Amino acid sequence: MNRIDASFKSAEAESRLVLAPYVTVGYPTRESAVELALAYVEAGADMLEIGMPFSDPIADGPTVQLASQIALEGGVWLEDAFNMIERIRSQTDIPLVPMGYVNPFMQFGFDSLARELAAAGADGLIVPDVLPEHADDIEAAHAEHGLYLIRFAAPTTPRQRLRHVGSGAQGFIYCVSVTGVTGSRARLADDLPAYLARVGEATSVPRMVGFGISKPEHLRALHGRAEGAIVASALIDIVQASPPGAGIEAAAAHVRNLAAAA
Amino acid sequence: MLETGTLPNAAGYYGPFGGRYVPETLVAALDELEASFQRHHRDPAFVAELENLLHFYAGRPTPTYHAARLSRELGGAQVYLKREDLAHTGAHKINNALGQGLLARVSGKRRVIAETGAGQHGVASATVCAMLGLDCVVYMGEEDVHRQALNVARMCTLGAEVISVTSGTRTLKDAINEALRDWVTNVDSTFYLFGSATGPHPYPRIVREFQRVIGREARAQIQELAGGLPDTVVACVNGGSNAIGIFSAFIEDPGVSLVGVEAGGYGGDQGEHAATVESGTPGILHGARSLLLQDEGGQIIGTHSIAAGLDYPGVGPELAYLHHVGRAEFATFGDADALDALELLARTEGIIPALESAHAVAGAIRMASETSSDCVILVNLSGRGDKDMETIAAQLGTRG
């Protein structure tokens, strides 16, 4: 069984949400990115989203952009992502889901990418600028290696399209919580429950909510409305705001609080 | 035979280029835009209103002018200039801004966003929004805000808000990133008035359609003036809206060669130029598959051109396709070539072109001097040089 499916199964049995913190390859540095990821696992992460930096991340707000920029300035390549996944995989069995924009993946080649990701121990792939209708080649390459290509839903997705997106979804549907880019937000959108209910009607796979999820109270509000949540910018903000050397511990402490509410 | 008449296909592809690579949040808005465009662009009332505005407001048709003194000076082909520099706001960008502005109005969205490099599309968007009573926000890279300060002042005077973009390379690429982020956030209330013949489907198609007027007019005018079709049509190329606008009328004429001139900057190494077709490789940026300037890892690299409007690491998918099938040729001319061409055109014809258009003039000068006097070269003079006077004065002033 794909580790993603297993993770949702066991979370469901415990009436918990699947909590997926986000780490950027090469941020804060190549080495500390692995430490940060393992600290999140230790703090109770059920899944990790592992972001590959890109020069032009159009779906990301200032926080994730900054982490990407720092990583790129450090000279990060796709090989560093494979290496990071491999090192995390040697320490844990939770699902690891890399995320990145399509162009670097296309240059590497989708077949090679899927092979390397599978060999490193990844379980799926998130590509925010590839729609299901343009995904045949990348989806096929990943299916061959047992990896899920994650699909997206947005609050603007019409019902009929949701059914189309939802019917072929594997692993989970990434539900973008707001019309907007990634980044911490004080509160959840008012129409989030109705939107998540629409997604639920359109698909049989679990719903992972992302974009703006930052606090334990957000997670508590998602109980019964989604099956999991992704937290990215809030954690990067903590690392950025911490004194040198203290970022990992501070961000892991936040993951611990989030895990208690998941 | 080229299938250009039937392109793009339903998914927005021109051969291997084009498509729609965007976050899910934008899909509904792009579908809505496509439906609105399909419904309106052939609708007689919409067409009549657009033609009326192009004529009485933008000053069309723009003339085609025989640059006789320049041609004599070069001693070769006869050079004709399609004078888009004479259109309202000083460049061809007004054609597309009027078309999309009318689409924005029928969409009921009161807020318009646009990206701009040289500022010409920003000025055109601000102009149209003022005239139609729409709010306008223009994203512009910080570097371009400085070097095109006059256009920033024009946009502000027209009531637009100009947002200086400080991320990445601080030029057009990053302005588009920021505009896309705005659109993702405000998609319900906002119309994205895209200025280049690139971006996600259906933008390349829409921009071409609204810029086709350049080629339509030029084709009739050159036949009347020169007694036949031109041997060569030359346009500067980056995103490529002025190029596809004039090329579109001649694609089906096998005897007419189409030449796009890219910005050679000050050198051939990475980061020193913006010659995307010549040096680029296939990739995906800003919603479309096309040719890009990128490193081996697929990260987009910085570009340089003295012309802010040519300083972008991509090219429109239809132009990439015309290159791919061999229907259009591409040449590269650098900063110094453009300045030389600008000076020669100014001194022989009393016309100061935009630095972008000066690249096309540079290409035409080279071709004209290599061909005989019965050859006809038609140049799209896409904009005027007023916006560039500070750069021009600084550059030409320092030359001995």
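Everything discussed here concerns the structure shown above.
Criteria and thresholds
Residues numbered from 1 in each chain as written. Chains lettered and ligands numbered in written order. Predicted model: local features only at pLDDT ≥ 70, side-chain atom pairs only at ≥ 80, totals over all residues. Heavy atoms only, no water. Buried < 20%, exposed > 50% of the residue type's maximum accessible area, 1.4 Å probe, protein only. Helix = DSSP H or I, 4+ residues; strand = E, 2+ residues; numbered from the N terminus. Contact = heavy atoms within 4.5 Å. Buried area = accessible area lost by both parts, 1.4 Å probe. Polar contact = N/O pair within 3.5 Å; in protein donor to acceptor, adjacent residues only side chain to side chain. Nonpolar A, V, L, I, M, F, W, Y, C, P; charged D, E, K, R; others polar. Pairing = 2+ DSSP bridges. Axes fitted to C-alpha atoms, helices over the stretch in contact; angles between N-to-C directions.

Draft legend 1. Looking closely at helix H11 (residues 233-241) of chain A. Listed in full, the buried residues belonging to H11(A) are A:Ser233, A:Ala234, A:Leu235, A:Ile236 and A:Val239. Among the structural elements, strand E1 (18-24), helix H2 (30-42), helix H3 (62-73), strand E8 (228-231) and helix H12 (247-261) of chain A are those in contact with the buried residues of H11(A).

Draft legend 2. Geometry of the interface of chain A and chain B. Between chain A and chain B, the contact holds 34 residues from the first and 35 residues from the second. Regarding the contact of chain A and chain B, the summed buried area is about 2700 Å², with carbon and sulfur atoms giving 56% of it. The interface formed by chain A and chain B includes 19 residue pairs in polar contact (both at pLDDT 80 or more). With five residues, the single largest contributor to the side of chain A that touches chain B is helix H5 (residues 102-108) of chain A. Partitioning the side of chain A that touches chain B into residue classes produces 21 nonpolar, nine polar and four charged.

Draft legend 3. Structural view of unusual backbone geometry. Residues and elements named next belong to chain B. Following Arg60, the chain continues into Pro61 via a peptide bond in cis, with omega recorded as 0°. Mapped onto the secondary structure, Pro61 falls in the loop between helix H2 (44-57) and strand E3 (64-66). Of the consecutive residues His201 and Pro202, the connecting peptide bond is found in the cis state with omega at 15°. With respect to the secondary-structure elements, Pro202 resides in the loop between strand E8 (190-192) and helix H9 (203-226). Positioned with a positive phi, Thr89 is a non-glycine residue whose angle comes to about 75°. Summarising the element assignment, Thr89 is placed in the loop between strand E4 (78-83) and helix H4 (93-107). The exposure class assigned to Thr89 is buried, which follows from its relative accessible area of 6%. At Arg170, a residue that is not glycine, the phi angle is positive and equals roughly 60°.

Draft legend 4. Local environment of the sheet that holds strand E9 (residues 232-236) of chain B. All names here are of chain B. Across the sheet, which stays open at both edges, the six strands sit in the order E3-E4-E14-E9-E10-E13 with mixed pairing between neighbours. Either end of the sheet is taken by a strand with one partner, and the two such strands are E3 and strand E13 (328-333). If you compare each strand with its neighbour and ignore which way they point, the axes differ by 25° on average. Looking at chain direction, strand E10 (residues 257-263) and E13 are connected through six bridges and run parallel. From the neighbouring strand, Glu262 faces E13, where its bridge partner is Thr332. The strands touched by H9 within the sheet are E3, E4 and strand E14 (376-381), with E4 carrying the most contacts at an inclination of about 145°.

Draft legend 5. Structural context of the side chain of B:Asn238. Residue and element names in this part refer to chain B. Mapped onto the fold, Asn238 is located in the loop between E9 and helix H10 (241-247). Looking at Asn238, its side chain comes within polar contact range of the main-chain oxygen of Leu310, at 3.2 Å. A distance of 3.4 Å separates a polar atom in the side chain of Asn238 from the backbone nitrogen of Asp311. Leave out the neighbours within four places in its chain, and Asn238 touches Ala274, Gly309, Leu310, Asp311, Tyr312, Gly314, Val315 and Gly316.

Draft legend 6. Local environment of the sheet that holds strand E5 (residues 111-116) of chain B. Residues and elements named next belong to chain B. With parallel pairing, four strands are arranged side by side in an open sheet as E7-E6-E5-E8. Either end of the sheet is taken by a strand with one partner, and the two such strands are strand E7 (161-165) and E8. Averaged over all adjacent pairs, the angle separating strand axes in this sheet is 25°, with direction ignored. Note: E5 against E8, three bridges, orientation parallel. Within E8, the position partnered with Val112 by the bridge is Phe191. The strands touched by helix H5 (residues 120-132) within the sheet are E5 and strand E6 (135-141), with E5 carrying the most contacts at an inclination of about 165°.

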